[in-house]
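Here are the chains, one letter per residue:
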Amino acid sequence: MSHSAISSALRTEAAVYSRHCCCYCLSQEDVLGMSFTVDHIIPKSLGGETTTENLCLACWDCNLLKQSRIMGIDEKIGEEASLFHPRRQKWDDHFRWERDGLLIAGLTPTGRATIAALRLNRPMLLRGRERWIAAGWHPPQITW
Ligand SMILES: [Zn+2]
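First, a word on what this report is: a plain description of the structure on this page. Here, residues in each chain are numbered from 1, in the same order as that chain's written sequence. Local features in this predicted model are restricted to residues whose pLDDT is 70 or higher, and side-chain atom pairs enter the listing and the counts only when it is 80 or higher, whereas totals over whole chains, interfaces and linings include all residues.

### Thoughts on the overall build of the chain
Numbering of helices and strands runs from the N terminus, with a helix taken as a DSSP run of H or I at least four residues long and a strand as a DSSP run of E at least two residues long. Looking only at helices and strands, the chain has six helices and six strands in total. Each principal axis of the C-alpha distribution contributes one length, and for the chain these read about 40 × 35 × 25 Å. Every C-beta atom is placed from the backbone, and the number of other C-beta atoms within 10 Å of a residue's own sets its class: buried at 20 or more, exposed at 12 or fewer, partly exposed in between. With 144 residues in all, the chain has 31% of them scored as buried. Contacts here follow a simple rule: the backbone-placed C-beta atoms of the two residues must lie within 7 Å. Sequence separation of 24 or more characterises 62% of the internal contacts of the chain that already satisfy a separation of 6 or more.

### A look at the pairing of strand E6 (residues 103-106)
Judged by which residues are buried, E6 turns out to be one-sided: Ile 104 and Gly 106 face inward and are buried, whereas Leu 103 and Ala 105, on the alternate face, are not. The pairing criterion is simple: DSSP has to find at least two bridges between the two strands. When strand E5 (residues 95-98) meets E6, the two strands line up antiparallel, connected through four bridges. When the bridges of E6 are listed, Trp 97 appears paired with Ile 104. Linkage of E5 to E6, two consecutive antiparallel strands, is achieved through a turn of four residues, within which Arg 99 is found at a positive phi near 50°.

### Examining the environment of Thr 50
The topology assignment puts Thr 50 in the loop between strand E1 (37-40) and strand E2 (55-58). Accessibility expressed as a C-beta count within 10 Å gives 14 for Thr 50, which makes it partly exposed. A sequence separation of eleven residues divides Thr 50 from Asp 39, and the C-alpha atoms of the two residues are 9.6 Å apart.

### Comments concerning unusual backbone geometry
As a rule of thumb, non-glycine residues mostly have phi less than zero, and peptide bonds are mostly trans rather than cis. With omega at -5°, the peptide bond leading from His 138 into Pro 139 counts as cis. When you line up the elements, Pro 139 lands in the segment after helix H6 (123-135). At Arg 99, a position not held by glycine, the phi torsion is positive, near 50°. Relative to the helices and strands, Arg 99 resides in the loop between E5 and E6. For Arg 99, a count of 11 C-beta atoms within 10 Å gives the class exposed. In this structure, Asp 100 is a non-glycine residue whose phi angle is positive, near 65°. Examined against the element boundaries, Asp 100 turns out to sit in the loop between E5 and E6.

### Description of the nonpolar core
Within soluble globular proteins, side chains that are nonpolar generally end up buried alongside one another. Grouped together as the largest cluster of nonpolar side chains are 26 residues, with contacts concentrated most on Cys 22, Cys 23, Tyr 24, Cys 25, Leu 57, Ala 58 and Cys 62. In this structure Ala 58 touches Cys 22, Cys 23, Tyr 24, Phe 36, Thr 37, Asp 39, Asn 63 and Lys 66, once residues within four positions along its chain are discounted. The term nonpolar core refers to a group of buried residues, namely Ala, Val, Leu, Ile, Met, Phe, Trp, Tyr and Cys, whose C-beta atoms join them within 7 Å.

None of this, on its own, says anything about what the molecule does.
Structure (structure tokens):
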């Protein structure tokens, strides 16, 4: 863990804003049974601040895969695109669920670049989603 000095108030605000979901893969804290990390959407190394508008919840794997990036590759057009910004952009504008919630499909260069960079359809997530769908727990209804 970095010593990023995220206050408990900021952490709580990010969790409430994020509906206790990872803002990228939309996995739910309650389903996984673990607290997620607070992600600096613009990394501190790139000047991102520890303020409400730059913080969101991210699961551990998405956070690890994101690293200190704000750009990814849209493999459909072979060009760089900015990664999804959960505070400034709406998830539904850039992604959609396919196969009842098993797969995340990208609707835009940002959506596709984020899926590739954060591997939003990684095998471990697919194994989980299969079970969450069967249980009626997934996909979550997110409207931010
Ligand atoms: Zn995630």
